[in-house]
Structure formats: C-alpha cells, structure tokens
Amino acid sequence: MKLLSLIKELLILTIATFIIAVAVYFFQVPNHVSISSISGLSIVLIKFMPFSMSQITMFLNTVLLIIGFFTCGSEFGYKTVYTSILLPIFLGIFENVFPNISSLTGDAFLDVVCYTFVVSIGLAILFNRNASSGGLDIVAKIINKYFRIEIGKALSVAGMCIALSSFLAYDIKTVVLSVLGTYLNGIVLDHFIFDQNLKRRVCIVSPKKDEIRDFILNELHSGATIYKAIGAYHLEEREEIITIVNKQEFQKLMSFIDVVDPQAFITVYQVSNIQYRPKSLPERKFN
C-alpha cells in the first residue's frame, strides 16, 4: 500500500508539474512576460546570461530549495526536490521539441490570461499536496508559514518584484502585462486553493440537539462544542451546538437538520484557517 501511495503521489506531482511547464512555455515564454515565478525571472536573465531558461531555472530552484527544506519541513522539501528537478526537464524538452515558439492565441493579453488560469491549476494541486514547483512558490510558502499571509497574496508580493524586473530587458507593454498577470495570478490561485478548502462554522439552536450532536459525532466524525445560551425574548436557557465542517459535511448536516428539525435556528460563518490538535494524538486534558 505504501508503494502504491508513493506511485500515486508521484503521478499527481508529475501531472501538476507538467501543467505548469505547459503554461510557462506555451503562454509565458512567447511574450517574454515575467509573471510570479522563477521561470519568469529566467526569461529576463536569459537576456544577460549565456544559458537557457531551463538551466537558469534549475540553478535558482536549487538555491531556493535548500532554503525551503530548512524552513518548511522535510516533507515539503522532498516533494519539491522532485518537482523542482522535473520542471526544468519539461522546459528543456519543450525547448528542443518546440524551438522558437510563437504565441498560440496571437494576442499577448490572452496569453497572459491563459497562463494565469492554467498555471494556477498546477500550483493549486502542488500546494494542496504540501509541495511546490520550486522557486518563487517556496518564497510564497515561507511567507505564508511565518506571516500567515494567504498563498496567493504572498505569491503576488514576491512575484511583483520579478514582474518589475522585466523593465530591465523588455518594453513597457511587457512590464505592464507582467504586473497585471502577477496580480491576476494571485487572485486566481487563492480561488483554486482557499475557495475549495473553506470550512464552515455552523451554530445550531434546536430542541433536537441530542440527535444533531449524535449525527455530527458519529456520522460526520467531526467535533462540536456546546454553549449555554439565553434567548433575549423569553429569557429561556438553551444549548447551542457549534461545529466546523467542510463543504461536503455541511451539505450532509443541513440535509439531516432539514429532516429532524426544519425550524432549527442556524447561523453559518466561513472559516479560512483552523489550528487544532490532530485526532491521532492522545486527547488533551485541561486542568
């Protein structure tokens, strides 16, 4: 099972890295735009160095990989070693198979839009597997870990510096496209990562609290907290159940409540981040 899990993990990482390489080479390279990536910085540096884009990307990825390994943990490092090596290999293959690539859409702005959406799919897959394509993704991951800034915004901040660097080698139009593409890339990446992973804090007041509590614990296998609440109108004491669930669990919970108590009072809040003790560890005791 461990071998099968490893093969599955490597396959997912390979597909995600391939998607990123396709986005970079077929949508970013033809227009020389430098958008939120070390590959984008490499597009600028090839104007000043006698190396190919894949070679520069490999070197920069290696340096940042060492930093990421020590700051983001060994699992992140091991996975990103694989993707950091694989990305320049894919780019090198594309350079040899498709030399002198031209714009697929014939419009620089459309290429930037296509790049943004395609690369965000690959990056979202990697980030959700606790990996990255290397390079600037490592910088974004470090910023996210230590400053609690969302991945997309962290990537935008770091990427904006690289986008502005295109001024050193290309015209104003390329700089503007790089900046706009970097900003859009951060927004789209946050959508792919956080909008899919948002959890919901559900607060329930119902006389069927025992049935609802049992469903949360034994059917959803989730946790819950019960608070004493007093209604302002009649000053009657009631119990409020609060639980945090993902999208699928939320749908199941609401369907169950619609059956057992359609008149239950429910409020729902979006939760973007939670920190808790893993269930695999012994129960924590409070003094």
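Structure first, text after, so check above.
Quick caveat, the model's predicted, so the values are computed rather than measured.

Sorry, what's going on with the nonpolar core here?
The tendency in soluble globular proteins is for nonpolar side chains to be buried as a group. Core analysis: the biggest nonpolar cluster contains 25 residues, and Ile-20, Val-24, Tyr-25, Met-53 and Leu-91 have the highest contact counts within it. Ranked by residue count, the leading element in this core is helix H1 (residues 2–28), at nine residues. Residues Val-202, Leu-220, Ile-241 and Phe-250 belong to the second largest nonpolar core, which totals 12 residues.

How do you make sense of the sheet that holds strand S1 (residues 199–205) when you look at a structure like this?
Paired through backbone hydrogen bonds, the strands of a sheet run either parallel or antiparallel to each other. Within the open sheet, the four strands sit side by side as S2-S3-S1-S4. Their pairing is antiparallel. Two strands lie at the open edges of the sheet, namely strand S2 (225–230) and strand S4 (265–271), each paired on one side alone. The sheet shows a mean angle of 25° between the axes of neighbouring strands, taken without regard to direction. Both S1 and strand S3 (residues 237–245) contribute to a ladder of six bridges, which runs antiparallel. By the bridge assignment for S3, Arg-200 is matched with Val-245. Packed on one face of the sheet, helix H9 (residues 209–218) meets S1, S2 and S3 and runs near 20° to S3.

I tried to follow the side chain of Thr-17 on my own but got confused; where do I start?
Within the fold, Thr-17 resides in helix H1. By relative accessible area, Thr-17 is classed as buried at 0%.

How should I be thinking about the environment of Phe-265 in this particular structure?
Mapping Phe-265 onto the fold places it in strand S4. Take Phe-265: its relative accessible area is 54%, and that puts it in the exposed class. Taking the C-alpha atoms as reference, Phe-265 lies 5.1 Å from Val-205; in sequence the two are 60 residues apart. If we skip the residues at most four places from it in the chain, Phe-265 touches Cys-203, Ile-204 and Val-205.

So what exactly am I meant to see when it comes to H1 here?
The α-helix winds at 3.6 residues per turn, so residues separated by three or four positions along the chain end up facing the same way. Here H1 spans 38 Å end to end across 27 residues, near enough to the 39 Å set by a 1.5 Å rise per residue. All of the buried residues in H1 are Glu-9, Leu-13, Ala-16, Thr-17, Ile-20, Ala-21, Ala-23, Val-24, Tyr-25, Phe-26, Phe-27 and Gln-28.

Just checking my understanding: could you explain unusual backbone geometry for this structure?
Across the chain, the bulk of peptide bonds are trans and the bulk of non-glycine residues have phi less than zero. Even without glycine at this site, His-221 takes up a positive phi of about 55°. Note on placement: His-221 falls in the loop between H9 and S2. The phi angle at Leu-235 is positive, at roughly 55°, despite the residue not being glycine. Mapped onto the fold, Leu-235 is located in the loop between S2 and S3. In this structure Leu-235 comes out as exposed when scored by relative accessible area, which is 65%.

Could you clarify how one ought to interpret helix H10 (residues 247–260) in this entry?
The terminal C-alpha atoms of H10, which comprises 14 residues, lie 20 Å apart, in line with the 20 Å expected from a rise of 1.5 Å per residue. Among the residues of H10, Glu-249, Phe-250, Leu-253 and Ile-257 are the ones counted as buried. The buried residues of H10 all sit within an arc of 100° when viewed along its axis, so they share a single face. Summarising the geometry of H10, the exposed residues directed more than 90 degrees from the buried face are Lys-252 and Val-259. Of the surrounding elements, those touching the buried residues of H10 are S1, H9, S3 and S4. Taking the backbone nitrogen of Gln-248 as reference, a side-chain oxygen 3.2 Å away marks Asn-246 as the first, capping residue of H10.

Which parts of the structure should I look at to understand a negative patch on the surface?
Together, Asp-210, Glu-211, Asp-214 and Glu-219 make up a region of like negative charge exposed at the surface. For Glu-211, a relative accessible area of 37% corresponds to the partly exposed category.

How each quantity is defined
- Residues numbered from 1 in each chain as written.
- Predicted model: local features only at pLDDT ≥ 70, side-chain atom pairs only at ≥ 80, totals over all residues.
- Heavy atoms only, no water.
- Core = buried A, V, L, I, M, F, W, Y, C linked by side-chain atoms within 4.5 Å.
- Buried < 20%, exposed > 50% of the residue type's maximum accessible area, 1.4 Å probe, protein only.
- Helix = DSSP H or I, 4+ residues; strand = E, 2+ residues; numbered from the N terminus.
- Pairing = 2+ DSSP bridges.
- Axes fitted to C-alpha atoms, helices over the stretch in contact; angles between N-to-C directions.
- Contact = heavy atoms within 4.5 Å.
- Expected span 1.5 Å × (residues − 1).
- Arc of directions from axis to C-beta.
- Polar contact = N/O pair within 3.5 Å; in protein donor to acceptor, adjacent residues only side chain to side chain.
- Patch = residues over 30% accessible without salt bridge, like charges linked within 9 Å, V, L, I, M, F, W, Y side chains within 5 Å.
- Areas by Shrake-Rupley, 256 points an atom, 1.4 Å probe, with all protein chains shown as cover.
- Salt bridge = Lys/Arg side-chain N within 4 Å of Asp/Glu carboxyl O.
- Lys, Arg positive; Asp, Glu negative; His and termini not counted.
- Charge placed at Lys NZ, Arg CZ, Asp CG, Glu CD.

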